[in-house]
Amino acid sequence: AQSVTQPDIHITVSEGASLELRCNYSYGATPYLFWYVQSPGQGLQLLLKYFSGDTLVQGIKGFEAEFKRSQSSFNLRKPSVHWSDAAEYFCAVGPSFKAAGNKLTFGGGTRVLVKP
Amino acid sequence: DSGVTQTPKHLITATGQRVTLRCSPRSGDLSVYWYQQSLDQGLQFLIQYYNGEERAKGNILERFSAQQFPDLHSELNLSSLELGDSALYFCASTPLRIDPSDTGELFFGEGSRLTVL
């Protein structure tokens, strides 16, 4: 069965500092990988996705993530955090073939707090 | 704006009652997913519909049911509500077509927050 682990429940970072959120997945085949962000009172917005090709993917809001197959990881990074990045971040894994229906499995989320 | 519309945004009801949550997917999306987000369980997949047919079922309680109508909107029915059903219920949609433009991401609505008192 597929699963996603986000080891850090909370992370506090100073504004302007770098941020890295960890994500490890378990999946029996080549996965599609996603990072979503949820701001307070909002739905989930896609930050970036990996489905093939270059293992370093760029997303919106200055985020990037690197897929490392050997480590079953898809960590999210941002070089310089802004106060508006305070939110909850979810890593998700899904099937790479349409017959499986695109169902995504989400990690438990990492809540990011940004200090001024 | 993802293009997925959920109503109502907030709902407060009592234990034992029944509620219906509604979802309108993005234009052209054939598949609809329901997720439940609670503090203790995180984001849990409930059920998926594709073009009116149930496609996959997750951790959905027997007290809950869903359907997708011919116009592709979907409803999630929650009955005999318990305190523990208080959560944010998300609907998401995706095209689920065999073409390169569909890379598997789900588009989420803003959710319906259910409070059971």
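Scroll up a little and you will see the structure.
Procedures and definitions
Residues numbered from 1 in each chain as written. Chains lettered and ligands numbered in written order. Predicted model: local features only at pLDDT ≥ 70, side-chain atom pairs only at ≥ 80, totals over all residues. Heavy atoms only, no water. Salt bridge = Lys/Arg side-chain N within 4 Å of Asp/Glu carboxyl O. Helix = DSSP H or I, 4+ residues; strand = E, 2+ residues; numbered from the N terminus. Buried < 20%, exposed > 50% of the residue type's maximum accessible area, 1.4 Å probe, protein only. Core = buried A, V, L, I, M, F, W, Y, C linked by side-chain atoms within 4.5 Å. Contact = heavy atoms within 4.5 Å. Pairing = 2+ DSSP bridges. Axes fitted to C-alpha atoms, helices over the stretch in contact; angles between N-to-C directions.

Right, let's talk about the pattern of salt bridges for a bit. All names here are of chain A. Per the stated rule, a full pass over the model turns up twelve salt bridges over all chains. One salt bridge connects Arg-77 with Glu-66, and the closest N-O pair in it is separated by 3.5 Å. Of this pair, Arg-77 sits in strand S9 (residues 73–78) while Glu-66 is found in strand S8 (residues 64–68), placing the two residues eleven residues apart along the sequence. Classification of Arg-77 as partly exposed rests on a relative accessible area of 23%. Residue Glu-66 is classed as partly exposed on the basis of its relative accessible area of 25%.

With that out of the way, let us pick up unusual backbone geometry. With an omega of -10°, the peptide bond running from B:Thr7 to B:Pro8 counts as cis. As for its placement among the helices and strands, B:Pro8 is situated in the loop between strand S1 (5–7) and strand S2 (10–13). Here the phi dihedral of A:Lys61 falls at roughly 60°; this positive angle occurs in a residue that is not glycine. Mapped onto the secondary structure, A:Lys61 falls in the loop between strand S7 (56–58) and S8. By relative accessible area, A:Lys61 is classed as partly exposed at 43%. For A:Ser72, which is not a glycine, the phi torsion comes out positive at approximately 50°. Relative to the elements of secondary structure, A:Ser72 occurs in the loop between S8 and S9.

It is worth spelling out the nonpolar core at this point. A:Trp35, A:Leu48, A:Phe74, A:Leu76 and A:Tyr89 are the most contacted members of the largest nonpolar core, which totals 27 residues. Secondary structure elements with two or more residues in this core: strand S2 (10–14), strand S3 (19–21), strand S5 (31–38), strand S6 (44–50), S8, S9, strand S10 (87–95) and strand S12 (110–115) of chain A. Beyond its immediate sequence surroundings of up to four residues, A:Leu76 is in contact with A:Leu19, A:Glu20, A:Leu21, A:Trp35, A:Leu47, A:Leu48, A:Phe63, A:Glu64, A:Ala65 and A:Tyr89. Listed in part, the 20 residues of the second largest apolar core include B:Leu21, B:Ile47, B:Phe64 and B:Leu76.

Glancing now at the sheet that holds strand S7 (residues 64–68) of chain B. Residue and element names in this part refer to chain B. Reading across the sheet, the four strands line up as S1-S3-S8-S7 and stay open at both edges, with antiparallel pairing between neighbours. Here the strands that pair on one side only, and so sit at the sheet edges, are S1 and S7. Across this sheet, the average inter-strand angle for adjacent strands is 15°, counted without regard to direction. Bridge count between S7 and strand S8 (residues 74–78): five bridges; the pairing is antiparallel. Along S8, the bridge assignment pairs Phe-64 with Leu-78.

Remember that the coordinates give geometry; whether it matters functionally is a separate question.
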